[in-house]
Amino acid sequence: MKEMGVVVFLLLHSIFYTAFCFKDGLLPNGDFELGPRHTDMKGTQVMNKTAIPSWELSGFVEYIPSGHKQGDMILVVPKGAFAVRLGNEASIKQKINVKKGSYYSITFSAARTCAQDEQLNVSVAPHHGVMPIQTVYSSSGWDLYSWAFKAQSDYAEIVIHNPGVEEDPACGPLIDGVAMRALFPPRPTNKNILKNGGFEEGPWVLPNTSSGVLIPPNAVDDHSPLPGWMVESLKAVKYIDSDHFSVPQGRRAVELVAGKESAVAQVVRTAPGKIYVLSFAVGDASNACAGSMIVEAFAGKDTLKVPYESRGKGGFKRASLKFVAVSERTRIMFYSTFYAMRNDDFSSLCGPVIDDVKLLSARRM
């Protein structure tokens, strides 16, 4: 009998420490719909670090049902019935089998509660990133964020951590819908010097979610959720898909949602003295983002302002910028001149869409 107990213990131990097999989409129990037992709860606080299936908890973590009241606030879950809230220095983590040397992006939903200057640390050792979530881009209060990493071993331990030090630990951010996708960074071709010019390669977009996915500020091209591109700005850019938005070309595009504070860029190899043509599409996402818009395109020291009159119902126009390269590397960059708000709720940031970005030497035109 004693030997059987030892076997059961070892079996449970091995199950707990075995990494889950990876596939694109939600992580195991990534929507937190499988919750803890009542005996592992004290109010909304989870008392056992392994009580939420597939996750390991640390610190003050709460299991929050949709509609939960906190003072004058009603906490709403974006999809499903449950989410988790991370108190001061609290974290959740999960181990996933991956391929060493490959690139992956993580997508998750996050919302502020009562703290005003919240941020999240997302890490897969030795990489980590800080996600500022004080700017709310959608009227629901929930935004989808993305972060990317390069696997250093055959497994990845994904950690989402709240570094906050609020007086009330129950003022931490809410987390839901944690997903992951393998990235396959594209290379330049003889049809486009730019990498991923159509933005087809990017983070996982949760099905039936019409908010788009934010590519965080200061994302560098080596580990960007949008391979080939950098977000060189204080605010995020939004990654959108054709299932929920109007996209000029293919199935993916980028929406510049924060004026000049929302810029996307790529550095390419060029030959000094050679003529190049940068072409791209400018449009709107059919998300009630209406009005006069201007996209500013940069190729080194050359620039082009492209006006676009949006009715908020979809559509696009094409533009091009011819320039002479002055160095062996040229920075291509786009941002929106103005801020914009959706005219159906006046609280969701929006902006012009760019897509189908191509760079060719003039002799190939």
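Bear in mind the structure is a predicted one, so any value in this text is a computation, not a measurement. (Residues numbered from 1 in each chain as written. Predicted model: local features only at pLDDT ≥ 70, side-chain atom pairs only at ≥ 80, totals over all residues. Heavy atoms only, no water.)

**What about the overall build of the protein?**
Phase 1: Counting secondary structure elements, the protein contains one helix and 28 strands.
Phase 2: The C-alpha radius of gyration computed for the protein amounts to 22 Å, which stays within 12% of the reference 21 Å derived for 365 residues, consistent with globular compactness.
Phase 3: Taken along its principal axes, the extent of the C-alpha atoms in the protein is 80 × 45 × 35 Å.
Phase 4: Restricting to contacts in the protein with at least 6 residues of sequence separation, those with at least 24 account for 73%.
Phase 5: One way to put it: in the protein the 38 positive side-chain charges average out to a point 9 Å from where the 36 negative ones average out. (Helix = DSSP H or I, 4+ residues; strand = E, 2+ residues; numbered from the N terminus. Rg over C-alpha atoms; globule rule 2.2 N^0.38 Å. Contact = heavy atoms within 4.5 Å. Lys, Arg positive; Asp, Glu negative; His and termini not counted. Charge placed at Lys NZ, Arg CZ, Asp CG, Glu CD.)

**As for the pattern of salt bridges**
Pairs can form between side chains of opposite charge once their charged atoms are near each other.
Phase 1: Inspection of the entire model under this criterion finds nine salt bridges.
Phase 2: Between lysine 93 and glutamate 157 there is a salt bridge; the shortest N-O distance is 3.9 Å. Pair noted here: lysine 93 is in strand 9 (residues 91-97) and glutamate 157 is in strand 14 (residues 155-161), with a separation of 64 residues, a long-range link.
Phase 3: Looking at lysine 93, the relative accessible area reads 25%, which means it is partly exposed.
Phase 4: The partly exposed category is assigned to glutamate 157, whose relative accessible area is 32%.
Phase 5: Put simply, aspartate 356 and arginine 318 hold a salt bridge, and the shortest N to O gap is 2.8 Å. Placement of aspartate 356 in strand 28 (residues 353-361) and of arginine 318 in strand 24 (residues 315-324) is noted, with a sequence separation of 38 residues between them.
Phase 6: On the accessibility criterion, aspartate 356 (13% relative accessible area) is buried.
Phase 7: By relative accessible area, which is 46% here, arginine 318 ends up partly exposed. (Salt bridge = Lys/Arg side-chain N within 4 Å of Asp/Glu carboxyl O. Buried < 20%, exposed > 50% of the residue type's maximum accessible area, 1.4 Å probe, protein only.)

**Quick word on the state of the cysteines**
Phase 1: Counted by the stated rule, this structure contains one disulfide.
Phase 2: Across the disulfide, cysteine 289 is cross-linked to cysteine 350 (sulfur-sulfur distance 2.1 Å). Note on the cysteine 289 and cysteine 350 pair: the S-S dihedral is about 80 degrees, so by sign convention the disulfide is right-handed. With a gap of 61 residues between them, cysteine 289 in the loop between strand 21 (275-284) and strand 22 (290-299) and cysteine 350 in strand 27 (residues 349-350) connect regions that are remote in the sequence. (Disulfide = S-S within 2.5 Å.)

**Considerations on the sheet that holds strand 25 (residues 329-336)**
Phase 1: Strand order in the open sheet made by the five strands is 17-20-25-22-23, with antiparallel pairing throughout. The open sheet is flanked by strand 17 (230-231) and strand 23 (302-311), the only strands paired with a single partner.
Phase 2: Across two bridges, strand 17 lies against strand 20 (residues 263-269) in antiparallel orientation. Within strand 20, the position partnered with valine 231 by the bridge is valine 264. (Pairing = 2+ DSSP bridges.)

**A look at the nonpolar core**
Phase 1: Counting 40 residues, the largest nonpolar core has Ile92, Ile106, Phe108 and Ile175 as its most contacted members.
Phase 2: Of all elements in the fold, only strand 5 (61-65), strand 8 (82-86), strand 9, strand 10 (103-111), strand 11 (119-124), strand 13 (142-150), strand 14 and strand 15 (174-183) reach the threshold of two or more residues within this core.
Phase 3: Once residues within four sequence positions are removed from consideration, isoleucine 92 is found in contact with Phe32, Trp55, Glu56, Leu57, Val61, Val84, Leu86, Ile158, Val159, Ile160 and Ile175.
Phase 4: Of all hydrophobic cores here, the second largest spans 39 residues; its members include Ala179, Val254, Val306 and Leu359. (Core = buried A, V, L, I, M, F, W, Y, C linked by side-chain atoms within 4.5 Å.)

**Observations concerning the pairing of strand 9**
Phase 1: One ladder, built from three bridges, connects strand 4 (residues 56-58) with strand 9; its direction is antiparallel. Its bridge partner lying in strand 9, glutamate 56 is registered against lysine 93.
Phase 2: Here strand 9 runs beside strand 14; their pairing, made up of seven bridges, is antiparallel. Residue glutamine 94 lies in a different strand from strand 14, and its bridge partner there is isoleucine 158.

**Some thoughts on the packing of aromatic side chains**
Phase 1: Across all of its chains, the model carries ten aromatic pairs by this definition.
Phase 2: Each ring, one from tryptophan 147 and one from phenylalanine 149, has its centre 5.9 Å from the other, and the planes form 25 degrees; the classification is stacked. As far as burial versus exposure is concerned, tryptophan 147 and phenylalanine 149 are alike and both buried.
Phase 3: Ring plane angle 70 degrees and centroid distance 5.0 Å describe the contact between phenylalanine 280 and phenylalanine 334, whose orientation is recorded as edge-to-face. Here phenylalanine 334 lies in strand 25 and phenylalanine 280 lies in strand 21, a separation of 54 residues in the sequence.
Phase 4: By relative accessible area, phenylalanine 280 is classed as buried at 1%.
Phase 5: Members of the aromatic cluster, connected to one another through ring pairs, are Phe22, Tyr104, Trp147 and Phe149.
Phase 6: Taking NZ or CZ as reference, lysine 95 lies 4.8 Å from the ring centre of tyrosine 155, over its face. (Phe/Tyr/Trp six-rings, centres within 6.5 Å; stacked < 30°, edge-to-face > 60°. Lys NZ or Arg CZ within 6 Å of the ring centre and 35° of its normal.)

**Some points on the sheet that holds strand 14**
Phase 1: As summarised here, the arrangement of the five strands in space is 4-9-14-11-12, forming an open sheet in which the pairing is antiparallel. Both edges of this open sheet fall to strand 4 and strand 12 (127-132), since each of them pairs with a single strand only. Along the sheet, successive strands turn relative to each other by an average axial angle of 20 degrees, direction set aside.
Phase 2: Pairing between strand 11 and strand 14: three bridges, direction antiparallel. The partner of valine 122 across the bridge, within strand 14, is isoleucine 160. (Axes fitted to C-alpha atoms, helices over the stretch in contact; angles between N-to-C directions.)

Keep in mind these numbers describe shape, not what the thing actually does.
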